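# Topology and contacts: notes
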Amino acid sequence: MKEEYDIIVVGAGPAGSMAARFAAEKGVSVLMLEKDRDVGYPVRCGEAISKAGVEEFIDSNELWIKAHINKFSFIAPDETEVLLQFDSEQEGYVLERRIFDYELAKTAVNTGAQILTRTYVNGLLFDDDKVAGVKYEHNGEQKELKAKIVIAADGVESRVGRWAGLKTHIDFRDMECCTQITAANINVDPNTLYFYFGEEFAPEGYFWIFPKGDNIANIGLGVSGMIGKKKSAQSFLNSFMEKYYPQAPILTTIAGGVPSAVTLDKISAPGIALVGDAARQVNPLSGGGIASGMIGASIAGRIAGEAIKMNKLDHLLTYDKAWHDRLGRRHETFNRIKEGIFNFSDEKFNIIAHSINKIPFEKRTLGRVFRTALIKQPSLIIDIAKVFVI
Amino acid sequence: MEYRQAKTGVLMIEILPDKCDFCGCCVGVCPEDAIELKEAEIFIIDERCTNCSKCIWSCPIEVIMFNKEGVVAK
């Protein structure tokens, strides 16, 4: 441990590790602080991602790939199934995040970043108005550590940004509140992601079954906090399991939140940048946040490293624009689409499913499916086919 | 009876730590930064809470409760 670091990253999930790695690549000193005792555990994620989203940062490795995905199955409220197959370059994975996150952290450490687990950051140090380090608890002791730049990768709960005066709390209506189990004896196709829509499954959200090989699958759902007011995610999950898989042994049970909204107005301030879920860099339509979080973090890490090297800390503030140019603006489009879909009635989902099934299976591309869906909702005619790509 | 204090008087929000999964939904939606969450420890910072209930609505597993009588001091 050094007395002072150029950059401290709070959180060692995929975003934290990528921020640390891309900063360390610039030859500056970087320390990651992780509150839990392990990197990668507990997992709070459905674990699905596109191959392209992974390979921008790490070579694919069967160590952490539990399923190769080449089909989506969308299930309408009346249980009409719309099956969609895609070609190999659009392949997706279901990950073993416990291992994946660990391997990502290793790539950060291999570029020279350091890491300290069981370290709970509970405040910031300031130099005038500029963030100048962190206060943290480690092994029961309260300590302080100075840094020129702090990168907050502290996830959905994100408090670090708030302490720096950034507005990070998320409207409860935009929080997708999720529960998920990993269950055995689930006989689904091992290469298909299943998405269920409608009032019964997951109003203002979706229900998923993501296979993990050997008839094991992640089964879960997210509903908006607006729905949670009346019925919790857990109740929806219990109803589903009783109806479809009453005998399935349950291996793990987790809860989690997905900030399903556009990126925060400001994701940098003097001495601090926010990345990943903390910055709300989640694709608000799919709820996928691993790839987009890593992209945001890699930009922030690189810019932070450059700022230190140039001895020009203001350079950090260019991160907002760089993120918006790369993905932020696209997320704004996705968010508008999400808001449209939130308002679909069960009947509308059913009608859309029936019309899509009239397209012959071999001609069903994601673009064509969405075009068909959009005829029923013309105000949403936008570049929707790119939705699940990142 | 001695109640814990909230910003508006009596604290009415209660988290059941034994049932909590420490997922952070409630912390993410709290407008007052009134919830402290460590690895496997969670509590409400009494003097910041306004009893707004957003944490209750966003809890996926129903471990946050509203007690209109107030939460008794521990």
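First things first, this report covers the structure right here in the doc. (Residues numbered from 1 in each chain as written. Chains lettered and ligands numbered in written order. Predicted model: local features only at pLDDT ≥ 70, side-chain atom pairs only at ≥ 80, totals over all residues. Heavy atoms only, no water.)

### Some points on the environment of D189 of chain A
Residues and elements named next belong to chain A. The topology assignment puts D189 in the loop between β12 (175-183) and β13 (192-196). For D189, a relative accessible area of 26% gives the class partly exposed. Along the chain, D189 and G11 lie 178 residues apart, while their C-alpha atoms are 35 Å from each other. If near-sequence neighbours (up to four positions away) are discounted, D189 is found in contact with K71, Y194 and P211. A polar side-chain atom of D189 sits 2.8 Å from a polar atom in the side chain of T192. (Helix = DSSP H or I, 4+ residues; strand = E, 2+ residues; numbered from the N terminus. Buried < 20%, exposed > 50% of the residue type's maximum accessible area, 1.4 Å probe, protein only. Contact = heavy atoms within 4.5 Å. Polar contact = N/O pair within 3.5 Å; in protein donor to acceptor, adjacent residues only side chain to side chain.)

### Here's the deal with the sheet that holds strand β4 (residues 65-69) of chain A
All names here are of chain A. Across the sheet, which stays open at both edges, the 3 strands sit in the order β3-β7-β4 with antiparallel pairing between neighbours. Both edges of this open sheet fall to β3 (48-50) and β4, since each of them pairs with a single strand only. Shown here is a sheet whose adjacent strand axes are inclined to one another by a mean of 30°, direction ignored. Of the pairings in the sheet, the one linking β3 to strand β7 (residues 92-95) comprises 3 bridges and is antiparallel in character. Pairing of A48 across the sheet is with V94, part of β7. (Pairing = 2+ DSSP bridges. Axes fitted to C-alpha atoms, helices over the stretch in contact; angles between N-to-C directions.)

### Some remarks on the packing of aromatic side chains
Each aromatic ring pair is summarised here by two numbers: the centre-to-centre distance and the angle between the ring planes. The final tally for this structure, using the stated rule, is 23 aromatic pairs over all chains. For the pair F172 of chain A and W57 of chain B, a centre-to-centre distance of 4.9 Å together with 50° between the ring planes defines the contact as tilted. Here the residue F172 of chain A occupies a position in the loop between α4 (160-163) and β12, and W57 of chain B occupies one in helix α2 (residues 54-58), the pair thus bridging two chains. Taking the centre distance of 5.9 Å and the plane angle of 70° together, the rings of Y206 of chain A and W208 of chain A count as edge-to-face. Residue classification places Y206 of chain A among the buried residues on the basis of a relative accessible area of 17%. Ring pairs connect the aromatic residues F72, F74, F86, F195, F197, Y206, W208, F210, F344 and F349 of chain A, which therefore count as one cluster. Over the ring of W57 of chain B we find K229 of chain A; its NZ or CZ atom is 4.2 Å from the centre of that ring. Lying across the ring of F236 of chain A, K231 of chain A places its NZ or CZ 4.3 Å from the centre. (Phe/Tyr/Trp six-rings, centres within 6.5 Å; stacked < 30°, edge-to-face > 60°. Lys NZ or Arg CZ within 6 Å of the ring centre and 35° of its normal.)

### Remarks on empty space enclosed by the protein
Residue and element names in this part refer to chain B. Enumeration according to the criterion identifies 3 cavities of 30 Å³ or more in this entry. There is about 110 Å³ of room inside the largest cavity. For the largest cavity, the lining is made up of 15 residues, of which C30, A34, C49, C52 and C55 are closest to its centre. Split into classes, the residues belonging to the lining of the largest cavity amount to 9 nonpolar, 3 polar and 3 charged. Considered as a void within the structure, the second largest cavity measures approximately 90 Å³ in volume. Taken together, 14 residues line the second largest cavity, and the ones lying closest to its centre are C20, C23, C26, C59 and V63. Of the residues in the lining of the second largest cavity, the class split is 12 nonpolar, 1 polar and 1 charged. (1 Å grid on protein atoms, 1.4 Å probe; cavity = no way out; pocket = protein on both sides within 12 Å on 5 of 7 lines; lining within 4 Å. Points joined across faces, edges and corners; volume = space filled by probe spheres on them. Nonpolar A, V, L, I, M, F, W, Y, C, P; charged D, E, K, R; others polar.)

### What to know about the sheet that holds β13 of chain A
Residue and element names in this part refer to chain A. In spatial order, the strands read β6-β5-β13-β14-β15-β12-β16; together these 7 strands make up an open sheet with mixed pairing. With partners counted over all chains shown, the strands left at the sheet margins are β6 (81-85) and β16 (250-259), one partner each. Each strand axis lies, on average, 15° off the axis of its neighbour in the sheet, ignoring direction. By the bridge criterion, 9 bridges tie β12 to β16 in an arrangement that is antiparallel. Counterpart to C178 in the pairing with β16 is G256.

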